[in-house]
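Structural overview
This is what each chain is made of:
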Amino acid sequence: ADGGDAELELSAVRHQPEGLEQLLAQTKFTKKELQSLYRGFKNECPSGLVDEETFKLIYSQFFPQGDASTYAHFLFDAFDADHNGALCFQDFVVGLSVLLRGTVHQKLKWAFNLYDINKDGYITK
């Protein structure tokens, strides 16, 4: 399938997030925080899914100076836990929970995954 088909599929499908109880168990966010994060996510991504191009556009708004697309690509890959080419709310909020409230070990593991570009267990140039 070409890129156009994937875009059509993403925009046509409304992704239903995991249940609130499951997200409470998977993250270190409170119910109110999850609800607030979900409102923001749905505001930016009404379909409930974010493809890499949309992620880059959103990310570039926070870093308007220079081209942040390469770094945004690596960030997208790190958040896309199931590697399906789209971020759902669960991918986003689980990654955010690690970054904001995870243990030092969890944060280091997440950062290592970010820089282990080919996922071979090593960080190379």
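Here is a short report on the structure shown in this document. (Residues numbered from 1 in each chain as written. Predicted model: local features only at pLDDT ≥ 70, side-chain atom pairs only at ≥ 80, totals over all residues. Heavy atoms only, no water.)

**Re the overall build of the protein chain**
A tally of regular secondary structure across the protein chain gives seven helices and two strands. Among the 125 residues that make up the protein chain, the fraction classed as buried is 30%. Restricting the contact set of the protein chain to residue pairs at least 6 apart, pairs at least 24 apart contribute 56%. For the protein chain, the exposed surface amounts to about 8,300 Å²; the carbon and sulfur share of it is 58%. (Helix = DSSP H or I, 4+ residues; strand = E, 2+ residues; numbered from the N terminus. Buried < 20%, exposed > 50% of the residue type's maximum accessible area, 1.4 Å probe, protein only. Contact = heavy atoms within 4.5 Å. Areas by Shrake-Rupley, 256 points an atom, 1.4 Å probe, with all protein chains shown as cover.)

**Observations regarding the side chain of Asp91**
With respect to the helices and strands, Asp91 occurs in helix H6 (residues 89-101). Salt bridges are absent for the buried Asp91, whose nearest opposite-charge side chain, Lys119, sits at 13 Å. (Lys, Arg positive; Asp, Glu negative; His and termini not counted. Salt bridge = Lys/Arg side-chain N within 4 Å of Asp/Glu carboxyl O.)

**What about the packing of aromatic side chains?**
Think of a pair of aromatic rings as described by two things: how far the centres are apart, and how the planes are tilted against each other in angle. Across all of its chains, the model carries 10 aromatic pairs by this definition. Aromatic pair Tyr59 and Tyr71: ring centres 6.2 Å apart, planes at 45°, arrangement tilted. Of the two residues, Tyr59 is situated in helix H4 (residues 52-62) and Tyr71 in helix H5 (residues 69-79); the sequence distance between them amounts to 12 residues. With a relative accessible area of 14%, Tyr59 lands in the buried category. Summarising the aromatic geometry, the rings of Phe79 and Trp110 are spaced 5.2 Å apart at their centres and angled 70° between planes, so their arrangement reads as edge-to-face. In this pair, Phe79 is assigned in helix H5 and Trp110 in helix H7 (residues 104-115), connecting sequence segments 31 residues apart. For Phe79, a relative accessible area of 8% translates into the label buried. (Phe/Tyr/Trp six-rings, centres within 6.5 Å; stacked < 30°, edge-to-face > 60°.)

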